[in-house]
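Here is what each chain is made of, one letter per residue.
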Amino acid sequence: MAAVSQLQRQFIEYTTSLYNEGYLDDQFTQLQKLQDESNPEFVVEVVSLFFEDSEKLLNNLATALQQKIVDYKQVDSHVHQFKGSSSSIGAQRVTNVCVHFRNYCEEKNLDGCLRCLQQVKHEYILVRNKLEALFRLEQQILQAGGSIPMME
Amino acid sequence: MAAKQHKRNYMISRSSSTPPMASFVKRLFGKIHSAVNSWERNHSPCRRRSLHRDVEQEDLQHINTNCLSSYYSVFVARLAIMVMLAILIGLLTLLTWHFTKVYTRTSLNALAYGLRYELLQRPVLRMWSILNSTVEITTAQVRLSEYVIRKYNRPENQAQQVELYEVMRDVTWALFASYRALNSITIKYKNGFVQAFHRDPRDNSTYYIYNDLTNYTMSGPYDVNMSSSHQGWNDQTIHSNISAIWYREPLDPNTGEKIGKQKAIPPDELINIAGISQVPYGAASWHVAVSKFTNSPLLSAAMPVWDESQGNIMAVVGVTTSLYSVGQLMKELVGFHSGHIYLTSQEGWLLATSSTTPLLTNSSTGPKLMMAVDSQDPVIQTGAKWLLKAYGNKPPPNHEVHIEHAKLGHQTYYIDSFFLNLKRLPMVGVLIIPRKYIMGKVDERAFKTLMILISASVCILIIGCVCIFVLTNGVSKEMKLRAELISHLDARRKAEASSNYKSQFLANMSHELRTPMAAVIGLLDILISDECLTNEQYATISQIRRCSTALLRLLNNILDISKVESGKLVLEEAEFDMGRELEGLVDMFSVQCKNHNVETVIDLSDDMPKVVQGDSARVVQIFANLISNSIKFTTSGYIILRGWCEDPHSCIENGKFSFDQKALWPAQKNKLIQQENQEKSSCKKDNRVILWFEVDDTGCGIDPSKWESVFESFEQADPSTTRLHGGTGLGLCIVRTLVNKMGGEIRVVKKNGPGTLMQLYLLLGTPVDMPLENYKLKYADHNLKVVLALNGSMCRMILSKWLFKTGVHTWEACEWNELTHILQELFIPSRYTQNLTYECSKVESISKQEMEVSVFIIVIDIGLLNLSTDIWKEQLNFLDIFYKRAKFAWVLNHDTSNTIKMELHNRGHLMMVNEPLYKSKMVQIMEAAIKEKMISLRHGILGGDTHEFLEIDNVHSDPESSNDSEKSELNCSTTGIVQVEETRRTRSSSRYGIVNNCFLELTEVCSERNKQGANETFPVSQEKRMQYAEKTISEQKSLKGVRILLAEDTPILQRVATIMLEKMGATVVVVGDGMQAVEALQTPSEGGMTTQTKMRVPPPYDLILMDCQMPKMDGYEATKAIRRAEMGTDLHIPIVALTAHAMSSDEAKCLEVGMDAYLTKPIDCKLMVSTILSLTKLQPNSLT
């Protein structure tokens, strides 16, 4: 039982750090609130959807920016989509970079776009790792027989 | 020549002055250029301004520089004109001077030339004549000698020889005597004998000179050969013949007689004797000789005497003439004309001068000729030197020299020389005349003229410059003024434009401003309806709600103003019940007034048309503003809203203005009548009436000087009001604009006593001639008797007057005791028979029978009861006595507690109205009483079912239902009021603009909910409404049963939104793009539409959540397609945009394509729910 409580404490600390460091925002809390008995795996489901979507989008972006003549409109729509999906799961930092990315798109600044792509990738990988770690913790708690503590 | 010279000089001077001239011209051009530039600079902005009239980005600094540059340009132009004038005048002066001078000078020069020529010619001619005469005499002597010698040819002896000499002497004397100018005549024979006559000018004596004949030889004649004769005839022989003795004997100059003894003369005193050497070629010769006897050079001529037969020279004749007379002539000429003349030989030997200086130099060898340059006369000397210097040894071809400006010493002279070309004796005559003599006056005059001209031109220049300065000063002032005017115009246009921009901006911003406010209020309503709120939270939220409403009201005011200012306000024409609207308004405000201890009274005359045509919302707005204004400034007293129809006489007749201002009313009125007399006739024709209104309060009043300005925007009568009462000062401005729009006017009217009296009239249409309700007939029949027990004196007075007019008996009471008196007098007359009051006698007159027939209505203000203690129950008990005989109507306060109401209800007092009591409420009460009476008469039972009446009451005051339903538990009274007010407001605003719908819907939903919360028997005729009503009750499943189509391509968002909505109980169908969304809508609805009516079949979904950016077909396109499909049907599916864009332009775009609301990602659950609720709720409402 002590292990469970320790895990729970660890979980809370970890989640708090995620919020504090700005990786996640309230939207993620909302997601968590939406998760209930009818959708027990809701958060994981949505987040993995986000991962899939993001991988695809990042690939698309990379190819689009490698073209000789960059179609900024397309890039912009990709980034827009990425922004929408990231904001939906509350990946705040990704969303912020997306905003910058879109500005560069409007300016048709290829260097800025490429830089932003790197940043977005970086932020995405970061948030993915964090979330995966979070989910692992959750799994551990559940396996240990504890319940996931709710964040207030 | 002189003219040419002058011209050349002039040319030189001009050419020398060219460089400064050129630079000046350059500078002038530069200045003109800069002036033109500045002019262009001045004007190019104008052009630009005129081109881009709407571009208002000119800064003031630019205008300033413009002014400055224009000032400079004026300055430069002025300078240029002055300079040009100066040049002109200068040229004029120079030309005048030049021409006058040149012409005089040339003519003078010509004259002078002639004079000089003449002067010089004369001595030369004299010279010539001297020469001629000399030659003639010589020739004559020669001829005579030839004759004589031929006659005595070959003298054989001494005597003949002597005779010959004697004859020769006589002949020679005759010639000599006949010509006095001669100096001497000499004859030298070839044998060496010499005979000569000589005149000595020094002592004027004449001598005969001869040599002794001892020496001469008779041997051998002269060599015939001229060349050979040279041998024998050389002068050497004669001169060297020193041994010869010369004799001189003085003679009488007239007769030639010998008067003295002969004397031998020393050789150095011998005169020149012409010898054979002087006639080397046997021809005549001349030369200039010098003798010691005269100061002047002598001209001597020599000629040989030929012996024709032998062909040899017999003798040589020499004649010497003094040139003295030439000098004399010259002296005379010079004495007359001044100047100097001299004559030289070609070599420069001085022959004759006009001066008295000696012409010869004495040297050791005797007198010698002098060079002109060595002359002792300074002028001649310098002149000769000058000539020598000018021409050197190479004189001009014919020695003719004319010089006009020869500077000799300190004076200038004319120098002229002529060449007299004699074969043997070429001579040069030189004339030196001081220039002053000929041109002296001219030069002086020319100088003076120049001076005068220059000074005159300078004067003219100065005057001209002053004139130009004065003239251009006016012009420049005008230009300055004009520039200022232009800048002012500019500033004004800018100001107008900015004000225009402001209005436009606000008008355009209206929906952006109202939408969030609507959302805020809607959300607050949702919150308020939340059951699990604590009291504190509830209070806070209601506070927020109030504040938001206030803010919205302010916003609406500003937007109204801007709408009016930008000319977008359009009044609608719809029929409405003016009376009801105004009564509702007064109801609303009375609550507020109660807090202030102010009585609100409405007093509308009976002749007011019931239904008028116009913009009800705006009319209400006018009065709402006026009344709220009055309330704001009235702390105690009353506020009366009076209204009557345009027929001023009737107004006065019916005694409406029996108050304090009655006295001055007619005057006021007459003025107005005159104003509108013309209108009236025309108005009546097209069914328009003029409705007069007055808002009368007992507040602080307005200073008369501010009566006009209070209607300006942002203007308040007293600056401190903002601090005390708040407000923006926009209210009255809006009112006036609206009144003017409705063809009316508003003004502040003088009033006796404290307070303000606002008077206005509106020009409104009436649909048809509606019959006026004649209350008089209606109630007089029923024998109504009313006891008015009211607190408010104003209200009571007005009502009683009106009742009296309609033929209803009234008794008035203002406090409890009075009421008990009246009641007891009325119903228990026995006790008070002895009372002789007016009322009593009146009461007395009512017979028992009449008591039975008539209907008594007792209107009691709840305030009459003593509510602070429990006495009010006693009072009610007292009233119960009369319960069966009279009808009780209670006037309740808004804060009357429920216990009292319940108590009243329990006691059977069912007729209750809210404050304030006014005509139509009174009518309701009376009608209810009459109806009851009728029923009771019909059934024979008194006190029948009274619930009916309550209902009547409620139905009549429908708009105020939420206000009237005091039993509402959820709404505290104040919120209720706010709500009604707000509903009115939103109604008024909802007629304009689409976005307002949202707000209207929100508030309607709220009011609906309030009604439900109040557990009132709500007449729900439609199933849908019931359904929604149920839905709203459950908080968690607020969206239960709502079918939502979610068009979203991102799987994450699909998932999230679905879960969110499902949690709220909604049914969600997800599609991936716009195309699918359109399809999902079309198939079922098409089938439905063909078979059934549109109203009944609901669309497959209640709402669509539409992502804006989607593949295939984006949200905008999909919405457009859906709206197109809906066209022609009454269907309108609410579409809510869902986008990650957060710019307002996106929102505008969404609304433009036909979406109803707008949500941003990430989805905010609460906001989404409230939006969906507001849209789905509205649906059935807007359809019915």
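In the block above lies the structure referred to throughout.
Here goes a summary of the coordinates provided. (Residues numbered from 1 in each chain as written. Chains lettered and ligands numbered in written order. Predicted model: local features only at pLDDT ≥ 70, side-chain atom pairs only at ≥ 80, totals over all residues. Heavy atoms only, no water.)

## Quick look at the overall build of chain B
And step 1. Assigned secondary structure in chain B consists of 34 helices and 32 strands.
And step 2. When the 1184 residues of chain B are sorted by exposure, 49% land in the buried category.
And step 3. In chain B, once contacts between residues fewer than 6 apart in sequence are set aside, the share between residues at least 24 apart is 68%.
And step 4. A total accessible area of about 58400 Å² is found for chain B, and carbon and sulfur atoms account for 58% of it. (Helix = DSSP H or I, 4+ residues; strand = E, 2+ residues; numbered from the N terminus. Buried < 20%, exposed > 50% of the residue type's maximum accessible area, 1.4 Å probe, protein only. Contact = heavy atoms within 4.5 Å. Areas by Shrake-Rupley, 256 points an atom, 1.4 Å probe, with all protein chains shown as cover.)

## Things to note about the sheet that holds strand 10 (residues 350-353) of chain B
All names here are of chain B.
And step 1. With antiparallel pairing, 5 strands are arranged side by side in an open sheet as 10-9-15-14-13. Two strands bound the open sheet, and with one partner strand each, they are strand 10 and strand 13 (401-408). Recorded for the sheet is a direction-independent mean angle of 20 degrees between the axes of neighbouring strands.
And step 2. By the bridge criterion, 3 bridges tie strand 9 (residues 340-345) to strand 10 in an arrangement that is antiparallel. What sits directly across from Y342, in strand 10, is T353.
And step 3. Of the strands in this sheet, strand 9 and strand 10 are in contact with helix 7 (residues 324-337), which crosses strand 9 at around 155 degrees. (Pairing = 2+ DSSP bridges. Axes fitted to C-alpha atoms, helices over the stretch in contact; angles between N-to-C directions.)

## Quick word on the packing of helix 22 (residues 871-880) of chain B against helix 23 (residues 898-906) of chain B
Residues and elements named next belong to chain B.
And step 1. Between helix 22 and helix 23, the least distance of the axes is 12 Å, while the angle of their chain directions is 20 degrees. As summarised for this structure, helix 22 and helix 23 are arranged roughly parallel, according to the angle between their axes. Crossing handedness for the pair helix 22 and helix 23: right-handed. Along its contact with helix 22, which presents W872, K873 and L876, the element helix 23 presents I900, E903 and L904.
And step 2. Tallied by class, residues from the contact of helix 22 with helix 23 come to 4 nonpolar, no polar and 2 charged. (Parallel < 35°, antiparallel > 145°, perpendicular 65-115°, else oblique. Left-handed = near helix turned anticlockwise from the far one by under 90°. Nonpolar A, V, L, I, M, F, W, Y, C, P; charged D, E, K, R; others polar.)

## Thoughts on the interface of chain A and chain B
And step 1. Taken together, the contact pairs 23 residues of chain A with 18 residues of chain B.
And step 2. When the two sides are added together, the surface that chain A and chain B hide from each other amounts to roughly 1800 Å², 62% of it contributed by carbon and sulfur.
And step 3. On inspection of chain A and its partner chain B, the count reaches 0 salt bridges.
And step 4. On the surface where chain A and chain B come into contact, there are 0 residue pairs in polar contact (both at pLDDT 80 or more).
And step 5. Of all the elements in the fold, those that place two or more residues in the side of chain A that touches chain B are helix 2 (26-34), helix 3 (42-66) and helix 4 (72-89) of chain A.
And step 6. Broken down by element, the residue count for the side of chain A that touches chain B peaks at 9 residues, all from helix 4 of chain A.
And step 7. Broken down by class, the residue content of the side of chain A that touches chain B amounts to 7 nonpolar, 10 polar and 6 charged. (Buried area = accessible area lost by both parts, 1.4 Å probe. Salt bridge = Lys/Arg side-chain N within 4 Å of Asp/Glu carboxyl O. Polar contact = N/O pair within 3.5 Å; in protein donor to acceptor, adjacent residues only side chain to side chain.)

## Here we look at a nonpolar patch on the surface
Residues and elements named next belong to chain B.
And step 1. Residues F447, M451, I454, V458, I462, V466, F469 and V470 make up a contiguous nonpolar surface patch of roughly 720 Å² in combined accessible area.
And step 2. With respect to the helices, strands and loops of the structure, V458 is situated in helix 9 (residues 435-528).
And step 3. Residue V458 is classed as partly exposed on the basis of its relative accessible area of 39%. (Patch = residues over 30% accessible without salt bridge, like charges linked within 9 Å, V, L, I, M, F, W, Y side chains within 5 Å.)

## Notes on the nonpolar core
And step 1. Residues F101 and L131 of chain A are the most contacted members of the largest nonpolar core, which totals 72 residues.
And step 2. A per-element tally of this core places helix 3 of chain A first, with 13 residues.
And step 3. Beyond its immediate sequence surroundings of up to four residues, L131 of chain A is in contact with L24, F28, V47, F51 and I89 of chain A.
And step 4. Counting 48 residues, the second-largest nonpolar core is a separate cluster that includes I734, V735, I746 and L762 of chain B. (Core = buried A, V, L, I, M, F, W, Y, C linked by side-chain atoms within 4.5 Å.)

## A few points about the sheet that holds strand 28 (residues 1043-1047) of chain B
Residues and elements named next belong to chain B.
And step 1. With parallel pairing, 5 strands are arranged side by side in an open sheet as 29-28-30-31-32. This sheet does not close on itself; its edge strands, each paired only once, are strand 29 (1067-1071) and strand 32 (1157-1160). Put simply, the sheet's adjacent strands are angled 20 degrees from each other on average, direction ignored.
And step 2. Across 5 bridges, strand 28 lies against strand 29 in parallel orientation. Within strand 29, the position partnered with L1046 by the bridge is V1070.
And step 3. Sitting on the sheet, helix 30 (residues 1051-1063) is in contact with strand 28, strand 29, strand 30 (1103-1107) and strand 31 (1135-1139), with an inclination near 165 degrees to strand 29.
And step 4. Taken strand by strand, helix 32 (residues 1115-1126) contacts strand 30 and strand 31, and its axis lies near 150 degrees from that of strand 30.

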